[in-house]
Amino acid sequence: SFSNLVIIPARGGSKRLKNKNKLQLSGKPLVLYTVEAALKSQYVTDILVSSDNDEILDIACHDDKVSRHKRESFLATDTSTALELVNYIITNSTRTYDFVTLMLPTCPLRTYKHLDQAFDLISEDDDVIVSVTTYNFPIDLNVPVKGDYINLNDQSPLITGNTRSQNHEPNFRPNGGFYVARWDSFIKNRNFWKGKVKYSVMGPSDSVDVDTKFDLDSAELLIKEKANE
């Protein structure tokens, strides 16, 4: 068996959705969905919740397997990135692991099953595996603009008439579910997108990214729907 450190960044401040990580989603604080997914996974050794906010740490760190990381203020500004945080934690870690995994609390419908399935896909020479989902509209049909006007080139399917969405290859985006890297690979590359990077596809209904009130309401509806299945 191998060791895996999960890092869950959960800042107190949030520009678009106030107190996002503490907000109730179906009667449970948002951050807990991600903590519980990590706790249930068979491929997780330790969990570190990083926040500048004591209340979030109290909510998230109710289990012995979950450690608190009180975040330094320079890592908790509006421009701080999760990648900077992972770099900082790994650089200052007294212990090494086989893997480091970043899980964002904004992806509450990702479960331990998604993470476990991803670990089953990793082979010896893979550096990273990242969860992705499809865009819900073909990206080739995007409408570029310049000033007040639409600025299409002649190859655009909107001009050539190739607008049947089935004709377009699926495009993927990260959904924040998980970014898993071999510890050594991360130390070498300082990034989750370098080296041999595999992907694990999650369905759109498991990939809600909670950034606005609309997203939170959508997640609430999906949870109710899943409960009734």
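What counts, and at which threshold
- Residues numbered from 1 in each chain as written.
- Predicted model: local features only at pLDDT ≥ 70, side-chain atom pairs only at ≥ 80, totals over all residues.
- Heavy atoms only, no water.
- Salt bridge = Lys/Arg side-chain N within 4 Å of Asp/Glu carboxyl O.
- Helix = DSSP H or I, 4+ residues; strand = E, 2+ residues; numbered from the N terminus.
- Buried < 20%, exposed > 50% of the residue type's maximum accessible area, 1.4 Å probe, protein only.
- Pairing = 2+ DSSP bridges.
- Axes fitted to C-alpha atoms, helices over the stretch in contact; angles between N-to-C directions.
- Contact = heavy atoms within 4.5 Å.
- Core = buried A, V, L, I, M, F, W, Y, C linked by side-chain atoms within 4.5 Å.

(A) Spatial organisation of the pattern of salt bridges. One pass over the full model with this rule turns up 12 salt bridges. Residue D78 is joined to R11 by a salt bridge in which the shortest nitrogen-to-oxygen separation is 3.3 Å. Taken together, the positions of D78 in the loop between β5 (66–70) and α3 (82–91) and R11 in the loop between β1 (4–9) and β2 (24–25) put the pair 67 residues apart, joining distant regions of the chain. In this structure, the salt-bridge partner of K213 is D217, at a minimum N-O distance of 2.7 Å. Here D217 and K213 lie together in helix α7 (residues 213–228), a separation of four residues that amounts to about one turn. Given the relative accessible area of 36%, D217 is considered partly exposed.

(B) Region of interest: the sheet that holds β1. Across the sheet, seven strands lie side by side as β5-β4-β1-β6-β10-β7-β11; this open sheet has mixed pairing. Bordering the open sheet on either side are β5 and β11 (197–201), each of which pairs with just one other strand. Adjacent strand axes in the sheet meet at a mean angle of 25°, parallel and antiparallel pairs treated alike. On the sheet, α3 packs against β1, β4 (46–51), β5 and β6 (99–102) and is oriented at approximately 135° with respect to β1.

(C) Local environment of the nonpolar core. I8, V35, I47, V49, M103 and V180 are the most contacted members of the largest nonpolar core, which has 29 residues in total. Those elements that provide at least two residues to this core are β1, α1 (30–40), β4, α2 (54–60), α4 (112–121) and β10 (172–182). Among the elements that make up this core, the one with the highest residue count is α1 (six residues). For V49, the residues in contact, after removing those within four places along its chain, are I8, A10, V35, L57, A60, C61, V66, S67, R68 and H69. Formed by 20 residues, the second largest nonpolar core is a distinct cluster that contains Y97, V100, V130 and A181.

(D) Main features of the environment of I90. Looking at where I90 falls in the secondary structure, it is placed in helix α3. Looking at I90, the relative accessible area reads 4%, which means it is buried. Separated by 83 residues in the primary sequence, I90 and I7 have C-alpha atoms spaced 10.0 Å apart. Leaving out residues up to four positions away in the same chain, I90 has contacts with V100, W183, F186, I187 and R190.

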